[in-house]
Amino acid sequence: MSKLKEPGFILRWIKRFIVYCLGLFIMAMGVVFSVKSSLGVSPVTCLANVLYQIFSAENLTALNLGTCTTISYCLYILVEVIILRRDFKPDMLLQIVASFFFGLLVNLATAIFAFIPAPEIYPMRLLFLLCSVPMVALGVMLYLAPQILPTPGEGMSLAISKKTGLTVSSSKIIFDCSMVCISAATSLIYFHKLVGVREGTIICALTVGLVMKVFLRVCEKPLMRFVERDAKMEQAIGPAPEAAAGQRCIVTIGWEFGSGGYELAQKLAERLGARFFGNDELIPMEAQESGLPESFIHKHEDNMAHSVVYDFVDFVTSSYAAHMELSPLEKLFATQVRILRRIAATETSAVLVGRCSDYILYEDPNCFRVFIHAPTPYRVDRVAETMGIPREQAAADLSATDTNRARHYQQFTGRPWGNTKYYNLAVDTSVMGQEHSLDLICDAIRLWEEGRTEITDTTDTAE
């Protein structure tokens, strides 16, 4: 059966085309508002804006903003051809279609908002610029989601990435910086001052990605469902493996730093005769499957925080890379999901520690989820004694580790870290002590397994 005859094929592509066009039009509206501000536009369109300002100064009214946008985008395609050479595929020429279409939409948006005069006072200019940021962010998110035709701005980043081996995010920074420098130089040569590329260009570069991350957090899943595509994380994770027949006992352990959760997990595996999967067991598997260095994984298992530099690069580049590649931490998380699901589907009995394993295996009926916690003073004393460090340092380390774990968990699960309603059992080791806590967990698992067996027996009898 041809794809055209597949159920819903035409409707699916109609929805994708509508989202694609809507995204490009909203982005065009953002460009118009930022141009009206006279404070500069985003790096990908700053060359078009400078050309437009030059042609306007020469009274070449036929070369309007949309036409200049198309010209600059076609120049990007030419540079792509030079960069990629033999690697430039004929289908990449379809970017020309996207360039002309976007140029037309920019002219349409210009005509629609022609009744709004360009502001003269700086606060109003800044307001126009700030209004353009969410428009551009929303437009980029929408037009990239259906994956129909890329614009040359996206194509340039991909071309640089393919030629240099850098990530798309890093390539995006190179492209943006190059465009800002070329546009600024062009403006200085013609006007002897900065026109069309100013502080607004920097503001857009720093804020569009940040705003888009907010939109993605709220809208990505329903948007992807509407256009009938998997979100990038779902694509990277892939389908869950088919579980082997029979009941299994997979225990996940989450814990607060200093509560003794890791040691309890090791002892629990010994008591149950189960395979233990901690850092030493999982990190080599994660490195091999993800291609990330073990040193990177070690760092982010011990301290699940983004660095300040990583945060900066991430939100600057996410506006155009968000639908194209995973960040290193996202790639690591996707790898962890695949590995933990595979373990849960194949192991008869296993104990898994950390890695959001309670969330990843939440729907698995063979999973028993445990959270180990204790009051802060107890944990501070325990860390100070165990690690042989001053109590003040132990308190600082504990606070930083808990904050980073909570941030990581919230980022990848959308849930608050340590919320006991998501666990089968929560144990306070300051009350129970280590050995009694272990006994309590073992007893709870035994009762859980007995309950599952009784349910299975009842179901078999009824059948």
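Preceding this section is the structure that the text describes.
Here's a quick rundown of the structure. Being a predicted model, the structure only gives us computed values, none of them experimental.

**Thoughts on the overall build of the protein**
The helix and strand tally for the protein stands at 18 helices and 5 strands. Within the protein, the proportion of its 463 residues that are buried is 49%. Counting contacts in the protein only where the partners sit at least 6 residues apart, residues at least 24 apart contribute 77% of the total. Surface summary for the protein: the accessible area is close to 22300 Å², and the carbon and sulfur share equals 63%.

**Structural notes on the pairing of strand β4 (residues 367-373)**
Looking along a regular strand, one sees side chains alternate from face to face of the sheet. Most of β4 is tucked away, with 6 of its 7 residues classed as buried. The pairing of strand β1 (residues 249-255) with β4 spans 6 bridges and is classified as parallel. Within β4, the residue paired with Thr-252 across the bridge is Arg-369. When β4 meets strand β5 (residues 425-428), the two strands line up parallel, connected through 4 bridges. Looking at β5, one finds that His-373 is bridged to Asp-428.

**Some words on the nonpolar core**
Counting 60 residues, the largest nonpolar core has Tyr-76 and Phe-102 as its most contacted members. Those elements that provide at least two residues to this core are α1 (9-37), α2 (43-57), α3 (65-84), α4 (95-112), α5 (122-144), α6 (152-164), α7 (168-191) and α8 (199-226). For this core, the element with the highest residue contribution is α1, accounting for 13 residues.

**What to know about α8**
Helix geometry: α8 is bent most strongly at Cys-219, by close to 60°, with proline Pro-222 lying one to four residues after it. Those residues of α8 lying buried are Gly-200, Thr-201, Cys-204, Ala-205, Val-208, Gly-209, Met-212, Leu-216, Glu-220, Leu-223 and Met-224. The positive-phi residue at the C-terminal boundary of α8 is Glu-228, with phi of around 60°.

**Points about empty space enclosed by the protein**
Scanning the entire structure with this criterion turns up 2 cavities of 30 Å³ or more. Empty space within the second largest cavity amounts to approximately 40 Å³. Lining the second largest cavity are Gly-30, Val-31, Ser-34, Val-41, Ser-42, Thr-45, Ser-132, Val-136 and Cys-204. Of all elements in the fold, only α1 and α5 reach the threshold of two or more residues within the lining of the second largest cavity. Top element by residues in the lining of the second largest cavity is α1. It accounts for 3 residues.

**Regarding the sheet that holds strand β2 (residues 275-277)**
Ordered in space as β2-β3-β1-β4-β5, the 5 strands form an open sheet in which the pairing is parallel. Both outer strands of the open sheet, β2 and β5, are each paired with one neighbouring strand and no more. Across the sheet, the mean angle separating the axes of adjacent strands is 20° when strand polarity is ignored. With 5 bridges joining them, β1 and strand β3 (residues 349-353) adopt parallel strand pairing. Among the inter-strand pairings, Val-251 is bridged to a residue of β3, identified as Val-351.

**Brief notes about the pairing of β3**
Taking burial as the measure, the 5 residues of β3 include 5 buried ones, the bulk of the element. Neither face of β3 is exposed, since Ser-349, Val-351 and Val-353 on one face and Ala-350 and Leu-352 on the opposite face are all buried. Summarising the sheet, β2 and β3 pair through 3 bridges and their orientation is parallel. If you follow Arg-275 over to β3, its bridge partner there is Ala-350.

Reading guide: rules and limits
- Residues numbered from 1 in each chain as written.
- Predicted model: local features only at pLDDT ≥ 70, side-chain atom pairs only at ≥ 80, totals over all residues.
- Heavy atoms only, no water.
- Helix = DSSP H or I, 4+ residues; strand = E, 2+ residues; numbered from the N terminus.
- Buried < 20%, exposed > 50% of the residue type's maximum accessible area, 1.4 Å probe, protein only.
- Contact = heavy atoms within 4.5 Å.
- Areas by Shrake-Rupley, 256 points an atom, 1.4 Å probe, with all protein chains shown as cover.
- Pairing = 2+ DSSP bridges.
- Core = buried A, V, L, I, M, F, W, Y, C linked by side-chain atoms within 4.5 Å.
- Bend = angle between axes of the 7 residues up to and from the residue.
- 1 Å grid on protein atoms, 1.4 Å probe; cavity = no way out; pocket = protein on both sides within 12 Å on 5 of 7 lines; lining within 4 Å.
- Points joined across faces, edges and corners; volume = space filled by probe spheres on them.
- Axes fitted to C-alpha atoms, helices over the stretch in contact; angles between N-to-C directions.

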